[in-house]
Amino acid sequence: MKKLPVFILTVVLVVAASTVAWGAGVLRVATEAGFMPFEFVDEKTGELLGFDMELIKAIGAELGMEVKIDNISWDGLIPALLNNNYDVSIAGITITEERAASVNFSDPYFESVLTIVTKSNVQNIASLDDLQGKIAAVQISTTGDFEASDLQDAGGLKGVSRFDTVTDAMQAVIIGAADVVILDLPVANAYLEANPHAPLKHVGPVADNEFYGIALNKKNTELLEKINGALTQLHENGTYDKIYQNWFGAQ
Ligand code: ARG
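Conventions we followed
Numbering of residues begins from 1 in every chain and follows the order in which that chain's sequence is written. Local features in a predicted model are, by the rule used here, given only for residues with pLDDT of at least 70; side-chain atom pairs are given and counted only at 80 or more, and totals for whole chains, interfaces and linings are based on all residues. Near residues are defined by distance alone, with the backbone-placed C-beta atom required to lie within 6 Å of the molecule or strand. Residues are grouped as follows: nonpolar covers Ala, Val, Leu, Ile, Met, Phe, Trp, Tyr, Cys and Pro; charged covers Asp, Glu, Lys and Arg; every other residue, Gly included, is treated as polar. Domain boundaries shown here were taken from an automatic or database domain assignment. Joined through C-beta atoms within 7 Å, a set of buried Ala, Val, Leu, Ile, Met, Phe, Trp, Tyr and Cys residues constitutes a nonpolar core. With C-beta atoms placed from the backbone, a residue is labelled by how many other C-beta atoms lie within 10 Å of its own: buried for 20 or more, exposed for 12 or fewer, partly exposed between the two. Contact between residues is assigned whenever the C-beta positions, reconstructed from backbone atoms, fall within 7 Å. Any two strands with at least two DSSP bridges between them are considered paired. Counting from the N terminus, the helices are DSSP H or I runs at least four residues long and the strands are E runs at least two residues long. Interaxial angles span 0 to 180 degrees and are taken between N-to-C directions of axes, which are lines fitted to C-alpha atoms, for helices over the stretch in contact. Any angle that falls under 35 degrees is termed roughly parallel, while one over 145 is termed roughly antiparallel, one within 65 to 115 roughly perpendicular, and all others oblique.

Caption draft 1: Structural view of the site of the ligand. Around the ligand, 13 residues are found, and the nearest of them are Glu32, Phe35, Ala91, Thr94 and Thr142. Residue composition of the shell around the ligand, grouped by class: 4 nonpolar, 6 polar and 3 charged. The two domains that each donate at least three residues to the shell around the ligand are domain 1 (6–111 + 211–248) and domain 2 (114–208).

Caption draft 2: Region of interest: the nonpolar core. In this structure, Ala136, Ala137, Val138, Val180, Val181, Ile182 and Leu183 are the most contacted members of the largest nonpolar core, which totals 66 residues. Counting residues domain by domain, this core receives three or more from each of domain 1 (6–111 + 211–248) and domain 2 (114–208). Residues within four places of Leu183 in sequence aside, it is in contact with Leu114, Thr115, Val117, Val138, Gln139, Thr142, Gly144, Val166 and Ala188.

Caption draft 3: Representation of the sheet that holds strand S1 (residues 26–31) within the structure. Taken in spatial order, the 5 strands of this open sheet run S5-S1-S6-S15-S7, and their pairing is mixed. The open sheet has two edge strands with one neighbour each: strand S5 (66–71) and strand S7 (103–105). In this fold helix H2 (residues 51–63) packs onto S1 and S5, with an angle of close to 150 degrees to the strand it touches most, S5.

Caption draft 4: Local environment of the domain arrangement of the chain. Split by domain assignment, the chain resolves into domain 1 (6–111 + 211–248) and domain 2 (114–208). Domain 1 puts 9 residues into the contact, and the matching count from domain 2 is 14 residues. Residue composition of the side of domain 1 that touches domain 2, grouped by class: 4 nonpolar, 4 polar and 1 charged.

Caption draft 5: Representation of the packing of H2 against helix H8 (residues 221–236) within the structure. Across the interface, H2 lies against H8 with an axial gap of 9 Å and an inter-helix angle of 105 degrees. With respect to their mutual orientation, H2 and H8 come out roughly perpendicular. Side by side, H2 and H8 meet where Ala58, Ile59, Glu62 and Leu63 of the first sit next to Lys226, Ile227, Ala230, Leu231, Gln233 and Leu234 of the second.

Caption draft 6: Main features of the sheet that holds strand S11 (residues 159–163). Spatial ordering of the open sheet is given by S11-S10-S12-S9-S13, a layout of 5 strands whose pairing is mixed. The two strands at the open ends of the sheet, each matched to only one other strand, are S11 and strand S13 (200–205). Between one strand axis and the next, the sheet turns through 30 degrees on average, direction left out of account. Pairing of strand S9 (residues 114–119) with S13 involves 4 bridges; the strand directions are antiparallel. Bridged to Thr118 within S13 is Lys201. Of the strands in this sheet, S9, strand S10 (135–139), S11 and strand S12 (180–184) are in contact with helix H5 (residues 143–153), which crosses S10 at around 150 degrees.

Shown next, in the form of structure tokens:
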């Protein structure tokens, strides 16, 4: 009679141990933490903070997986998935057709839009149509870069300076090496809030809305389903709203 519970316990322990050994219990996450308020490094603790970081941890908790997050370069995120170095990337990544040709995306988890950052004293730039003869700074291979590149091709922009990080692109405008930055509006807001003395402003939404998704290797369809299930769960149980409010206040 007494042996049964011990047997069950042993089975549970063996299964748990082998799950850890296979790595199935660990969610390997890659991000690029230069994208406040979605992902950034806490200066004091070195911890990765932000909306995306909380969301992916909540997804991990929902799936019973341990979440390990690495901060890598932006243009290394998709290659890292293709090489199977990570299970997912979450980094404010906009779902685009081109990207969806090489990776899978979760259901959209955030609606965003591009804006234009200029020097605070600039009066004559309010939309993408006002950039004739200007130089745009962008983070390389972002939707801001794609927009700027299209504009340049159409003759609506003189040049595009591409940087590895948002901070470097902002810096280019501060020092006068570029006229504008084209980037995600919530990130422009957070940057201006965190750098109140930067001589910069943004002009509000300038393009169609875009949607962020969590990216995965196309082969990893089982995990994709699990992540979408967890996202649904987090919307239903109020966790998503709580995380949203933490970073963006009440809607
Ligand atoms: N949403 C934009 C894109 O997908 C910019 C994302 C940049 N993310 C980052 N962590 N630097 O192209």
